[in-house]
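Descriptive analysis of the structure
The chain contents come next:
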Amino acid sequence: MRLSTRFVVCLAAVVPLLVLLAGALVLGLVSADLRAERDRRLEARLSALTPMAKTYAWTYQLRPWTRPDFLAQRLTGAALGADDPGGVVVDVSGAEALVIGDTPRGRPAPTVDGPGGYTEGEHRWRYVAADLGPAGSLARVWVFEPELLLERQIALLRRRLGGVTLIAALAGVAAGLVLGRFAVHPLVVLRRQARELGRSAPGTVRLGTASRVTEIDELAALLNESLARRDEAVSRTGEALEIARAFAATVAHELRTPLTSMGTNLGLLRHPGLEPDDQAGIIADLEGEHLRLQRLITLLRGLARGELVDTTTFTDIDLADVVADAVDNARRRHPGATIILAESVPARVRGWEEGLRVIVDNLLDNAAIHGADEAGHVEITLTLTTERTVVALSVRDRGRGIAVTEREKVFDRFHRGAAGSGSGLGLTLVRQQARLHGGEVEVTDPEDGPGTRFVVRLPVAGGEQEPTRGGSEGRPTHLGAWLAVSRG
């Protein structure tokens, strides 16, 4: 059933019912008032006629041989004056009763003065009575009025109430049609807009929220939010599929070279005339390629884990402890490098400890691999300082440095320098984790001498800066952006 039809049915049923109930209440109150008014009128007539009836009775008692016709005429005129309904009976002791107007043949019990009711056959009367003389010894007066008169008034009131109820029912139907269409018009508009959603491209059409009906506008806003989440999910699903295809192609390309090399070396190992020295060299190459593949897979796993981290699970961490532990491990990994922790202060940041460790480890590994000076010596200097609401980690080497035009490219996925060594993912991980923690990383020239200086700036714990994900130029990117194929 349509909502507008429900309005019609409800108004057509409720409005007459309310009118009927109100009319019944009014009818009861008016009927009670009419009966009370009738009783007061009867008592007033009795009070007005009592003096004249008493005179009539005294005269009749004093002159029993004569009939006081003059007083009877006056009493009759007073009893029937002003078109008063009913009649009057004056019952004089020892004489014939004087009957004036419309009265019953019988008399009510003499012990009841009324107001009361008296029924004679099919006729009903309302009466009041009074005794004249001491203890009623002189006469008794009754004033009667037929119940039919009041019943006719009440019946007329009922008919009028029925007419009003019928009119109210028709008015309820008409009002239901008009108000129903008016009330559901915002829903009709909402339904029309919802139909347009299925015919339009995702994200191009939204439901209107200016109907000025609070419930409809709130519903439209909730639906718009759901549609936005749906469109975002659809977009991210498409992007995820594109990223998966691009990532599979890129990883296949990156893995092809070491796997091809390993396949060639395995073929050489099967050569029957292979010298022991050559065999040892091939095995060393295989071990190197194996380590390279292992490191590549580890770094790819780190990229994926970084994209799946929930930033709401971050905790307060002292970056100084993370840096100190990373330096100790780097000295064992790179025994030929000199790693100096020049300055370190307590620096609490909010983040993921493993992600922060990824930043420090990869910066140290990058400096150890690419930061050798002309003599082949590697010296790495770290400083950890606080600058107001920012923690700054600096990693400096004394290598050949990085050209200005290459400083942004070093953070691209699988980008390698002129030497062509490394996986090309270490610095990508550094920027990913820095931005995940609400910070940034940049490449600068050292202030004293040659080399490269990487500076990572992160907000201190309790700051207002939120973790972000952005591209190389600060543009926001979707999850998995670090695994996507670069365009352009």
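Described below are features of the structure shown in this document. (Residues numbered from 1 in each chain as written. Predicted model: local features only at pLDDT ≥ 70, side-chain atom pairs only at ≥ 80, totals over all residues. Heavy atoms only, no water.)

Structural notes on the pairing of strand 10 (residues 390–396)
Counting buried positions along strand 10 yields six of seven residues, so the element is predominantly enclosed. As paired elements, strand 9 (residues 378–387) and strand 10 share seven bridges and run antiparallel to each other. Paired with Glu-387 across the strands is Val-390, a residue of strand 10. Two successive antiparallel strands, strand 9 and strand 10, enclose a turn made up of two residues, where Arg-388 displays a positive phi of approximately 60°. Bridging between strand 10 and strand 12 (residues 453–459) involves seven bridges; their strand directions are antiparallel. Considered in strand 12, the bridge of Val-391 is made with Leu-458. (Buried < 20%, exposed > 50% of the residue type's maximum accessible area, 1.4 Å probe, protein only. Helix = DSSP H or I, 4+ residues; strand = E, 2+ residues; numbered from the N terminus. Pairing = 2+ DSSP bridges.)

A few points about unusual backbone geometry
One non-glycine residue with positive phi stands out, namely Arg-388, at about 60°. Positionally, Arg-388 belongs in the loop between strand 9 and strand 10. Judged by its relative accessible area of 85%, Arg-388 falls in the exposed class.

Concerning the packing of aromatic side chains
A complete count under the given rule lists three aromatic pairs for this structure. Ring geometry for Trp-125 versus Phe-144: centroids 6.4 Å apart, planes at 80°, classification edge-to-face. Placement of Trp-125 in strand 4 (residues 123–132) and of Phe-144 in strand 5 (residues 139–146) is noted, with a sequence separation of 19 residues between them. Both residues of the pair, Trp-125 and Phe-144, belong to the buried class. Grouped by ring-pair contacts, the aromatic residues Trp-125, Tyr-127 and Phe-144 constitute a single cluster. Sitting above the plane of the Phe-411 ring, Arg-431 keeps its charged end 4.1 Å from the centroid. (Phe/Tyr/Trp six-rings, centres within 6.5 Å; stacked < 30°, edge-to-face > 60°. Lys NZ or Arg CZ within 6 Å of the ring centre and 35° of its normal.)

Let's talk about the environment of Asn-362
Looking at where Asn-362 falls in the secondary structure, it is placed in helix 7 (residues 353–370). The sequence separation of Asn-362 and Leu-425 amounts to 63 residues, and the corresponding C-alpha distance is 9.1 Å.

Describing the sheet that holds strand 7 (residues 337–344)
Strand order in the open sheet formed by five strands is 7-9-10-12-11, with mixed pairing between adjacent strands. Edge positions in the open sheet fall to strand 7 and strand 11 (440–444), since each of these has one partner strand only. On average, each strand axis in the sheet is tilted by 15° relative to the strand beside it, whichever way the strands run. Two elements, strand 11 and strand 12, share five bridges in a ladder whose sense is antiparallel. Across the sheet, residue Thr-444 finds its bridge partner in strand 12, namely Arg-453. The sheet strands contacting helix 7 are strand 7, strand 9, strand 10 and strand 12, and the helix crosses strand 9 at an angle near 145°. Docked against the sheet, helix 8 (residues 426–436) engages strand 11 and strand 12, running at close to 135° with respect to strand 11. (Axes fitted to C-alpha atoms, helices over the stretch in contact; angles between N-to-C directions. Contact = heavy atoms within 4.5 Å.)

Focus on the environment of His-437
Among the secondary structure elements, His-437 is positioned in the loop between helix 8 and strand 11. Between the C-alpha atom of His-437 and that of Trp-352, which follows or precedes it by 85 residues, the distance is 8.0 Å.

Observations concerning the pattern of salt bridges
Throughout the structure, instances matching the rule amount to 22 salt bridges. Residues Arg-398 and Glu-379 are paired through a salt bridge, measuring 3.3 Å at the closest nitrogen-oxygen approach. Linking Arg-398 in the loop between strand 10 and helix 8 with Glu-379 in strand 9, this pair joins segments that are 19 residues apart in sequence. Using a relative accessible area of 28% as the deciding quantity, one classes Arg-398 as partly exposed. Residue Glu-379 is classed as partly exposed on the basis of its relative accessible area of 22%. (Salt bridge = Lys/Arg side-chain N within 4 Å of Asp/Glu carboxyl O.)

Comments concerning the sheet that holds strand 5
The antiparallel open sheet is built from five strands, whose spatial order is 2-1-5-4-3. Edge positions in the open sheet fall to strand 2 (98–101) and strand 3 (116–120), since each of these has one partner strand only. Taking the axes of each pair of neighbouring strands and ignoring which way they run, one obtains an average angle of 25° across the sheet.

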